[in-house]
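If you want the building blocks of each chain, they are given just below.
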Amino acid sequence: RKVYRMNFHNRVLRASSKNFQLIKADSSFKAETPEFLAMQFGRVDETSFSFDASGPLSPLQAFAIALSVFDDRVYEALHIYY
């Protein structure tokens, strides 16, 4: 079985399908500068996630992207109850 691994620079501690990194790419989807992360998001423990973002994303854009990895049960994941 083949497994892919990403370097989260010790910010993400648990494997999860929600872990991801975004980098800037050119028109052929090749990384322009692979060492520069525009955003990374990943699971730290059972109930916590790590979220890092930088330009060209605004904080609001990055937060919206991070929320999009949760399904329609965002209110459960973030403990938002009315």
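A few points on the structure. Bear in mind that the values here come from a model prediction, so they are computed numbers and not experimental data.

1. Examining unusual backbone geometry
At step 1: Residue P56 follows G55 across a cis peptide bond; omega there is 10°.
At step 2: Among the structural elements, P56 can be located in the loop between β3 (49-53) and α1 (59-68).
At step 3: Phi is positive for H9, close to 55°, though the residue is something other than glycine.
At step 4: Counting through the fold element by element, H9 comes out in the segment before β1 (20-22).
At step 5: We note that N10 has phi near 60°; this positive angle belongs to a residue other than glycine.
At step 6: On the secondary structure map, N10 appears in the segment before β1.
At step 7: Using a relative accessible area of 75% as the deciding quantity, one classes N10 as exposed.

2. A short note on the nonpolar core
Buried together is how nonpolar side chains tend to be arranged in soluble globular proteins.
At step 1: F20, M39, F41, A62, A66 and F70 form the largest nonpolar core, which has six residues in total.
At step 2: Apart from the residues within four sequence positions on either side, M39 is in contact with F20, Q21, L22, F51, D52, A53, L57, A62, I65 and A66.

Rules of the game
Residues numbered from 1 in each chain as written. Predicted model: local features only at pLDDT ≥ 70, side-chain atom pairs only at ≥ 80, totals over all residues. Heavy atoms only, no water. Helix = DSSP H or I, 4+ residues; strand = E, 2+ residues; numbered from the N terminus. Buried < 20%, exposed > 50% of the residue type's maximum accessible area, 1.4 Å probe, protein only. Core = buried A, V, L, I, M, F, W, Y, C linked by side-chain atoms within 4.5 Å. Contact = heavy atoms within 4.5 Å.

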